Amino acid sequence: MILVFATTRAIPGPDCSPAMTLFFAQTAWLVPLYPLLAALVSLAWSPGFIWKTGPRPCGYFNLTMVSVAFAHSLLALLAANAHPEALPLHFGWTWLQTAGLSIGFDGSITQPALIATLFVTGVHVLAQIFAIGYLEMDWGWPRFFGSLSFFEAGLCALLLTDSLFFSYVILELLTLGTYLIVGTWYNQSLVVKGARDAFLTKRIGDLILLAGLVAILPVTGTWNFGAIASWAAAQTPGSLPLSQELILLALVAGPMGKCAQIPLHLWLDEAMEGPLPSTVLRNSVVVAGGAWVLLKLQPMLALSPLVTTVLVVVGGTTALVGALIALAQIDIKRALSFLASSWMGLLFLAVGLGDPTVAGHLLLVYPLPMALVLMAVGTVIVSNVTQDLTQLGGLWSRRPLVGLAFLTGAGGLMALPPFGGFAAIRELLELCSASSQPLLLGGFVLVTNGLMAAGLVRVFGLIWGGRPSVFTRRSAEVLWLMVLPTLVLMGVVLHLPILLARYGVFATTPLLGWGPQAVPLLVSTLLGGGVSAVFYLRPHPLAQLPSALGGLQHWLAHDMNTENFYQRSVVALVVGLARLSSWTDHQLVDGFTGATGEAALQSARRLSFTTSGRTQTYTLTLLIGVVLMAAWLLTIVPTTLLR
Amino acid sequence: MALLLLLLLPALGAGLLPLLPERQRLLRRVALVPALLQFTIGLSQLGHPPSELHQVWLPRIGLALDLGLDGLSAPLAVLIALIVLVTVLATPADQARPRLFFSLLLATDVGLMGAVLARNALLFLLAYELVLIPTTLLLAVWGGPRRAQAAIQYVMYGAASGLALLGGVLALGWLNGDGFSFAFADLAAMQLPTGSSHWVFALLVLSFGLKLPVVPLHGWQPLAYGQASSPVAMLLSGGVSILGGYGLLRFAIGFLPDEWILWSPWIAGVGALTAAYGALNAIVQSDIRRLVAYGSLGHMGLLVVALAAATPLSLQGVVAQLIAHGLISALLFHLVGLIEAKTGSIQIPELAGLLNPYRGLPFTLGLFLLALMASAGIPGLAGFVPEFLMFEASWTPFPVATLLCLIASGFTAVYAVRLFNRVGFGRLDNDRVDYPATVWSERFPAVLLASLVVVGGLWPGLLVGWSESATTALALRREPFTALVAIAPSASPRQIPS
């Protein structure tokens with residue numbers, strides 16, 4: 001398997017016996033089972049079962065189990081680093097064996113998988129603590145916390161599995177999980193629509209992935225990533241026939257859907273109708289799950305110039321357009337959701353350019369800052385009862401700590417030293433410079449980075465800058481259950497560059513990740529962020545676009561009318577086909593059946609009037625029938641038989 | 001002995017019930033006894049080596065009481081017993097004319113069981129026809145306002161199917177070399193003249209195509225499922241629809257393999273069309289029962305594509321699909337019946353917010369979501385396993401048809417989500433609040449079926465673990481992932497070329 005996060009130094013192990021510590025790594029496959037158990041136990045709080053306790057114990061139980069999963073992940077990673085020679089550890093069991101097809105859940109416990117598991121479980125613990133505060137007055141705790149744990153179980157299993165088949169299975173289950181979790185507040189019409197669109201858009205990606213999965217088996221003879229990589233190594237790049245290139249393209253559709261890449265990006269925006277703690281997880285670790293699968297497929301995808309070109313085009317377009325759309329949003333969560341698409345676009349670009357290490361670094365530095373900015377704005381949404389950016393402002397005097405938390409997260413999501421984002425994006429820029437289109441792709445990255453910086457500073461300016469509005473004048477204090485995880489995460493994000501430098505992910509020369517193209521990249525950040533700061537930190541007349549450009553803003557604010565486009569193309573086609581087949585059924589099939597039924601009834605009625613009661617008539621009728629049947633049989637019976 | 005018991009127990013029940021007083025609780029308990037015993041006996045036979053029973057009946061016309069249980073019959077017999085059992089359990093406590101109802105239910109059971117156990121084509125024909133009579137009455141006496149029309153259409157199509165089967169079976173027996181025989185063993189070994197085999201094949205495919213059904217022979221199905229009372233719809237979709245798939249497998253593939261290979265591209269095309277047509281029609285339905293009916297039609301289309309592929313894996317998928325579809329559609333129809341009983345409607349525009357935990361039907365809707373997702377082929381539930389096996393096996397011989405089925409699977413998700421969004425999600429109508437809660441006797445059949453749907457998804461051995469030897473023996477092509485080689489029509493049907 002490819003090493004996603006290239007590290008050069010091992011983390012020192014804890015002071016306990018080696019056998020004991022290795023035990024935690026060997027049993028890391030238990031990590032997904034803790035949250036899964038929590039999700040299953042949550043079912044006991046379904047209506048009609050446990051109701052005397054109220055829903056809160058269910059939430060606490062879920063938090064306990066995800067904390068156990070986090071602790072196990074941490075111990076497993078420490079154990080793995082204390083015994084690097086023992087890795088990778090393999091485990092597996094056969095799920096299905098029939099008619100020559102054997103499907104096993106094969107898993108690999110590797111250092112990158114354990115790091116990713118630690119991130120997922122860690123963010124989940126913080127998000128569930130945050131959720132206890134955020135959903136303080138909500139009655140849907142069991143469903144919500146159960147769904148969160150289900151998500152965690154799925155993600156951890158996705159990180160540990162070495163099978164493309166089970167990766168697909170888990171992505172499908174996450175699609176169902178998204179439907180349930182977005183639909184938490186299901187009596188609101190926008191939520192219902194968001195849940196539906198999230199499910200269907202992701203399912204499109206999943207089904208195309210399924211088609212690729214089905215078609216790839218006769219080609220590679222295996223679904224195991226390791227064996228697929230070996231198969232890919234034996235092929236000559238660029239020598240695959242078109243049919244196989246199309247299969248590889250189909251495999252990309254699953255990650256495209258999960259990472260909300262154009263044209264399958266609609267769901268992430270609509271999924272913002274779900275409660276914010278789920279947004280924290282979705283935008284940080286769930287979208288990263290799709291990217292994880294893409295990285296595992298990378299050795300095979302690199303064989304096809306068609307696929308890598310598509311990855312570059314899709315990734316580059318999503319990165320740039322996502323950042324532009326984010327700038328035009330007035331809903332805080334939507335502004336940040338498009339930035340998630342944009343960042344994943346950069347990752348797709350790196351995979352398209354054939355460098356999984358750069359893509360891995362982009363994946364490594366992304367989830368924690370994204371989770372942090374969402375938690376910070378979550379506290380704002382709760383205390384100010386609105387998530388409309390145009391109704392906020394002036395919160396720096398009232399909520400400076402979460403403002404600092406937001407700035408910390410924002411720093412990690414743009415190319416700003418010393419944060420990890422700078423080092424990762426600079427590596428991508430260097431990769432683009434070495435490609436066949438250095439100016440075009442490099443320009444894309446620089447502009448995207450500038451726009452992302454502008455988008456984040458805009459959100460900060462509109463919330464914490466300017467003067468207080470009606471909504472923010474009496475900004476209520478939020479529960480410590482929300483502030484505490486936010487600040488803890490801020491501490492982690494602040495320490496992330498130190499950890500990255502200490503374990504050799506990025507070189508410190510002299511700043512973390514400094515190197516070629518660092519200056520233009522920094523300039524793009526300062527330019528984008530600076531212009532945005534001028535416009536949005538204080539009310540500025542130019543912050544409102546000139547009326548001539550209002551159409552552009554409107555167009556971007558409505559996600560380039562993507563929903564309308566889908567309504568008029570895919571949805572209209574499906575509805576049209578459905579109506580056509582329904583019409584056919586009514587007019588032709590039902591009509592024919594009804595007519596023959598009616599004719600049979602009428603015939604029976606008329607026949608009833610023709611009965612004379614004479615035996616001769618019945619005998620004649622029978623005789624005619626027998627003769628007709630005999631004649632028919634004689635025509636089909638071979639003459640040899642008759643002789 | 002087990003073979004005879006499987007057949008005689010429901011027959012005894014059907015004969016005894018009309019003699020009892022018209023008391024619902026007593027009748028239900030009496031009906032439960034043979035159903036439960038039959039289910040237990042069926043379970044005990046799973047995984048056993050094939051067993052057969054030969055008893056001369058009317059040798060002059062070639063009819064014999066030849067019964068057998070093999071890897072194909074045994075799981076289907078268990079499924080039939082289970083569906084009958086659950087149908088008895090799911091029958092409402094206030095069922096009108098319970099004596100006749102339960103008696104007809106067990107009579108249907110006799111026919112279904114006879115069909116899957118028969119090892120003689122005439123016996124199969126008798127059992128096949130026997131099913132038609134009680135099911136027509138079940139449809140005509142209990143059901144919606146248009147039940148009379150539904151029953152007429154059902155019986156017309158059923159009679160056409162029966163006539164075609166009669167023609168096909170008689171021709172099979174009489175054209176079978178010197179003398180005539182209807183024993184399965186003889187039919188499997190025969191070689192029909194090419195001209196005749198076309199006609200016989202067409203009759204058999206027409207007969208089972210009407211029963212499955214496939215487009216455009218499905219005219220009876222939406223109306224019958226839509227008008228039938230819930231227990232009858234459970235029986236029709238979960239039990240009776242087995243006959244079509246089983247018949248194609250046993251008769252068309254088993255006895256006329258050369259014809260099957262020859263026509264399989266067309267059959268796959270019809271299957272793909274049925275899959276897409278059923279799912280598309282389901283999208284625009286406003287009546288939940290009709291929606292489920294069209295969904296069921298779509299699933300049958302997928303099954304036909306897999307039958308056309310006729311590889312060991314695809315046929316395993318077919319058996320798994322028969323079982324999974326039986327469980328899921330029975331669950332769906334039972335839940336639709338509960339929704340109708342509690343809310344008074346199954347019209348989608350009239351329902352909303354039923355997931356509401358205090359005033360809605362959260363338990364029913366929770367299981368309804370599970371059943372819909374199983375039907376949509378979400379992994380972890382029973383519907384996924386057969387779908388995946390069938391996609392994988394059909395891909396290489398029929399990529400376009402399989403792709404169409406995959407798209408149809410996408411449509412399945414559309415109608416499932418559309419339905420649940422409107423019925424489960426949304427705001428509860430204040431004019432229709434405080435529905436009566438479901439009681440445990442109503443929940444139990446749903447819980448039983450839902451548990452099996454989950455177990456089947458997590459442990460696919462439940463669906464495919466019993467039939468491998470039988471389906472491998474019937475297969476006509478090699479697996480796609482081990483270099484598929486189609487058998488030339490002239491080659492021996494039982495040997496897979498290396």
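Residues numbered from 1 in each chain as written. Chains lettered and ligands numbered in written order. Predicted model: local features only at pLDDT ≥ 70, side-chain atom pairs only at ≥ 80, totals over all residues.

A. Highlighting the overall build of chain B. In terms of helices and strands, chain B carries 20 helices and 4 strands. Its C-alpha radius of gyration of 22 Å places chain B within 12% of the 23 Å reference for a compact globule of 498 residues. Summarising its shape, the C-alpha atoms of chain B cover approximately 75 × 55 × 40 Å along the three principal directions. Each of the 498 residues in chain B was classed as buried or not, and the buried ones make up 67%. Long-range contacts, defined here as pairs at least 24 residues apart, represent 79% of the contacts in chain B between residues at least 6 apart. (Helix = DSSP H or I, 4+ residues; strand = E, 2+ residues; numbered from the N terminus. Rg over C-alpha atoms; globule rule 2.2 N^0.38 Å. Buried ≥ 20, exposed ≤ 12 C-beta atoms within 10 Å, placed from the backbone. Contact = placed C-beta atoms within 7 Å.)

B. Molecular detail of the nonpolar core. Judged by nonpolar contacts, the single largest core of 428 residues is most densely connected at Leu428 of chain A together with Val305, Ala371 and Val453 of chain B. By residue number, the principal contributor to this core is helix 14 (residues 312-343) of chain B, which donates 18 residues. (Core = buried A, V, L, I, M, F, W, Y, C linked by C-beta atoms within 7 Å.)

C. Highlighting the pairing of strand 2 (residues 101-109) of chain A. Residue and element names in this part refer to chain A. Here strand 1 (residues 89-98) runs beside strand 2; their pairing, made up of 9 bridges, is antiparallel. Looking at strand 2, one finds that Gln97 is bridged to Ser102. Where strand 1 hands over to strand 2, the hairpin turn is made up of 2 residues, of which Ala99 adopts a positive phi near 45°. (Pairing = 2+ DSSP bridges.)

D. Region of interest: the interface of chain B and chain A. Taken residue by residue, the interface counts 56 residues in chain B and 48 residues in chain A. If you list the elements that add at least two residues to the side of chain B that touches chain A, you get helix 6 (147-174), helix 8 (194-211), helix 12 (257-283), helix 14, helix 15 (362-375), helix 16 (384-395), helix 17 (399-423) and helix 20 (468-474) of chain B. Broken down by element, the residue count for the side of chain B that touches chain A peaks at 9 residues, all from helix 17 of chain B. Its residues placed into classes, the side of chain B that touches chain A shows 35 nonpolar, 17 polar and 4 charged. (Nonpolar A, V, L, I, M, F, W, Y, C, P; charged D, E, K, R; others polar.)

E. The environment of Ala533 of chain A, seen in detail. Residues and elements named next belong to chain A. As for its placement among the helices and strands, Ala533 is situated in helix 20 (residues 518-536). Overall, the presence of 19 C-beta atoms within 10 Å leaves Ala533 in the partly exposed class. Sequence separation between Ala533 and Phe460 is 73 residues; the distance between their C-alpha atoms is 8.8 Å. When residues no more than four places from it in sequence are discounted, the contact partners of Ala533 are Val457 and Gly461.

F. Representation of the confidence of the model for chain A in the model. Here chain A shows a mean pLDDT of 88. Residues at 70 or above account for 93%. For the stretch residues 1-14 of chain A, pLDDT sits under 50, and the model shows 43 contacts to residues farther than four places along the chain or on other chains. (pLDDT = per-residue confidence, 0-100.)

G. View of the packing of helix 11 (residues 276-301) of chain A against helix 15 (residues 367-384) of chain A. Residue and element names in this part refer to chain A. Contact geometry of helix 11 with helix 15 gives a least axis separation of 9 Å together with a crossing angle of 165°. Here helix 11 is positioned roughly antiparallel relative to helix 15, judged by the angle of their axes. Where helix 11 crosses over helix 15, the handedness of that crossing is right-handed. Residues Leu276, Thr279, Val280, Asn283, Ser284, Val285 and Ala288 of helix 11 form the contact with helix 15, whose own contacting residues are Pro367, Met370, Ala371, Leu374, Met375, Gly378 and Ile381. When the residues that make up the contact of helix 11 with helix 15 are grouped by side-chain class, the tally is 10 nonpolar, 4 polar and no charged. (Axes fitted to C-alpha atoms, helices over the stretch in contact; angles between N-to-C directions. Parallel < 35°, antiparallel > 145°, perpendicular 65-115°, else oblique. Left-handed = near helix turned anticlockwise from the far one by under 90°.)

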